[in-house]
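Coordinate analysis (summary)
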Amino acid sequence: MAIDIQKIRKDFPILEEQVHGKPLVYFDNAATTQKPTQVIDEMVKYYYKYNSNIHRGVHYLSNKSTDGNENARKIVQKFINAEHLHEIIFTRGTTESVNLVANSFADKYISEGDEVIVSEMEHHSNIVPWQLVCEKKKAILKVLPFNDKGELLVDQLDALISDRTKIVAVNHISNSLGTINPIQKIIDIAHARGVKVLVDAAQSVQHVKIDVQEWDVDFLVFSGHKLYGPTGIGVLYGKEDLLNEMPPWQGGGEMIKEVRFEGTTFNELPFKFEAGTPNYIDAIGLGAAIEYVENIGLENIDAYEQELLAYATEKLSGIEGLRIYGTAEHKTSVISFLVDGIHFYDMGMLLDQMGIAVRTGTHCTEPVMQHFGIDGTVRASFSFYNTKEEIDALYKGILKVCKMFVH
Ligand code: PLP
C-alpha cells in the first residue's frame, strides 16, 4: 500500500495553518510531531465523558478511565512485542524513563569502580542521568565514539567493555545526525560479555518497527509526543526479572502495597514504578497515536520517508557551500546542515519568515557538535505527512537566504 498523502494531511489540522502569511511547512518532526484528529478526539472524548482518577475506583467513570489506561498499555505491549503487559511502565517521556533506569538500576547493580558506556552521539537525556549516578556511585562513564560520517565505531565496543561494565546505553537513531545504529550487533556484543543494554528509541519508534523480544533488549525507552501522541507521556520497557529486582524510584500513591510507619511494602509491576496519579488521558492518547501509525503501517511510513530523505539529500547537496552533518549509510529522515558563512540561527529565522519550521542549535547533543568542531546546525526532519513540494520550498528558501548573504 502506498501512502495516500492528501488523505493523511487532512488528519492533521495544523498543517493547514499559515505562518507569517505563508503555508506552514513543518520540518521539526524530530523535536515533536503534530497530532492527528484521531488522537485529539480520543483525548477530548475522555475529558468530556469519562474523566476520573484511575485504579481502585468503584464507580463507572473511574472504571472507564482505568480501562482506557490499561488498554493503552496493551497497545504499547503489542506495538513493541513485549512478552508481558507489566513490562510496560508509563512515564513522562524518554528523559524520565532514562532517569528511572539510571537511578534504580544503579542502586541495585552499580558500585564504586563499575562502568557505564554511552555513545558519543547520545541526546543529553541519555548522558546526564548516567553522569549523575556515576558521580554518586563513584563509577566511570565511558564513551563509544563515531566516525566523521556519523557512524558508531561498534567494532570498538568489545574492547571498551571490561569486567566492571554494567550497562551500555545507546540510541537506536540519532536525533541530530539521523544515523540508524546497528542495535542488534550492539546488544549481541554486550550480552556476550554479560552487560545489560538500554536502547533510547525516542527517534525510532515512529519510523521503524521494533521488536524487543527479537532484539532481546533489556530496556527500551521512548516518548509519546514524537510518535504523533500527546506530550507528557512516555514508556519504559524493561525485562520482567530486571524490573522485579530493581528498587522503586519514586515513592507515593499507587506504587505501594501496604504503608506502615515501620515500613512500606511495594506494589507489583508495573505499578511499583508508577507513583502518583498516572497521566492516564495522555496514555490513552498515546494508544490512539500508535493505532493511527499502525493503520498506515510502519513499513509504508519508512518507505515513504526514505523517499523524502533521498530527494531532500540530493537537492540540498546541490547547494553551493552547504554541508550535511550525518552521512551514515543507514539514515532516517533527518538532515542537519550548515551553509558556509551563514549562522544557523540566521538560516532558521529567515526560513521561519517563509513559513518553514526547522530546528537550530545543538539539538541537545553538544558532544556531536564538538566532534565536528561546530556550535550547532540547522536541522530539517521529515514525517510521512510531508511532501516533495515542501522540500522544494525548503530548497528555494535556502537559496534565497544564500542570496541575501552574498556581499
Ligand atoms: N533521546 C533522543 C534521541 C531524543 O531525540 C530526545 C528528544 O529530542 C530525547 C531522548 C528526549 O526526549 P523527551 O524530551 O521527550 O524526554
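Residues numbered from 1 in each chain as written. Predicted model: local features only at pLDDT ≥ 70, side-chain atom pairs only at ≥ 80, totals over all residues. Heavy atoms only, no water.

Moving on: the site of the ligand. Near the ligand the following residues occur: T94, T95, H123, S125, N175, D200, A202, Q203, S223, H225 and K226. Side-chain polar atom of K226 to an oxygen atom of the ligand: 2.5 Å apart, as the coordinates give it. In isolation the ligand exposes 400 Å². Once the protein is present, 85% of that is buried. Looking at the shell around the ligand, its residues break down into one nonpolar, eight polar and two charged. (Near = heavy atom within 4 Å. Polar contact = N/O pair within 3.5 Å; in protein donor to acceptor, adjacent residues only side chain to side chain. Areas by Shrake-Rupley, 256 points an atom, 1.4 Å probe, with all protein chains shown as cover. Nonpolar A, V, L, I, M, F, W, Y, C, P; charged D, E, K, R; others polar.)

A complete count under the given rule lists one cavity of 30 Å³ or more for this structure. Considered as a void within the structure, the largest cavity measures approximately 60 Å³ in volume. Lining the largest cavity are 13 residues, with N29, A30, Q206, H207 and F382 sitting closest to its centre. Looking at the lining of the largest cavity residue by residue, the classes come out as four nonpolar, eight polar and one charged. Lining the lining of the largest cavity are residues from two domains, each supplying at least three of them: domain 1 (5-30 + 298-402) and domain 2 (40-294). (1 Å grid on protein atoms, 1.4 Å probe; cavity = no way out; pocket = protein on both sides within 12 Å on 5 of 7 lines; lining within 4 Å. Points joined across faces, edges and corners; volume = space filled by probe spheres on them. Domains from an automatic or database assignment.)

Next up on the list: the domain arrangement of the chain. Looking at the assigned domains, one finds that the chain contains domain 1 (5-30 + 298-402) and domain 2 (40-294). Placing the centre of domain 1 and that of domain 2 at their C-alpha centroids yields a distance of 28 Å. Contact with domain 1, which involves 33 residues of that partner, is made by 30 residues of domain 2. At the surface where domain 1 touches domain 2, the tally comes to zero salt bridges. If you list the elements that add at least two residues to the side of domain 1 that touches domain 2, you get α11 (298-317), β14 (334-339) and α13 (366-372). Top element by residues in the side of domain 1 that touches domain 2 is α13. It accounts for six residues. For the side of domain 1 that touches domain 2, the residue count by class is 16 nonpolar, ten polar and seven charged. (Contact = heavy atoms within 4.5 Å. Salt bridge = Lys/Arg side-chain N within 4 Å of Asp/Glu carboxyl O. Helix = DSSP H or I, 4+ residues; strand = E, 2+ residues; numbered from the N terminus.)

Ranked by internal contacts, the top residues of the largest apolar core, which has 103 residues, are L220, F337, F384 and I398. Looking at which domains feed residues into this core, each of domain 1 (5-30 + 298-402) and domain 2 (40-294) supplies at least three. The residues contacting I398, other than those within four sequence positions of it, are L316, I319, L322, F337, V339, M347 and L351. The next biggest cluster of nonpolar side chains, apart from the first, holds 25 residues, and it includes L100, A106, I110 and F273. (Core = buried A, V, L, I, M, F, W, Y, C linked by side-chain atoms within 4.5 Å. Buried < 20%, exposed > 50% of the residue type's maximum accessible area, 1.4 Å probe, protein only.)

Across all of its chains, the model carries 16 aromatic pairs by this definition. The interplanar angle of 70° and the centroid separation of 6.5 Å between the aromatic rings of F79 and F222 together place this pair among those described as edge-to-face. Residue F79 is found in helix α3 (residues 60-80), and its partner F222 is found in strand β9 (residues 219-223); the two are separated by 143 residues along the sequence. Neither F79 nor F222 differs from the other in exposure class; each is buried. A cation sits over an aromatic face here: K64 above Y50, 4.6 Å from the ring centre. (Phe/Tyr/Trp six-rings, centres within 6.5 Å; stacked < 30°, edge-to-face > 60°. Lys NZ or Arg CZ within 6 Å of the ring centre and 35° of its normal.)

Viewed as axis vectors pointing N to C, helix α4 (residues 94-109) and helix α5 (residues 128-137) meet at an angle of 20°, and their least axial separation amounts to 9 Å. Between α4 and α5, the angle falls in the class roughly parallel. Crossing hand, α4 versus α5: right-handed. Within the contact between the two elements, α4 uses V98, N99, V101, A102, N103, A106 and D107 and α5 uses P129, W130, V133, K136 and K137. (Axes fitted to C-alpha atoms, helices over the stretch in contact; angles between N-to-C directions. Parallel < 35°, antiparallel > 145°, perpendicular 65-115°, else oblique. Left-handed = near helix turned anticlockwise from the far one by under 90°.)

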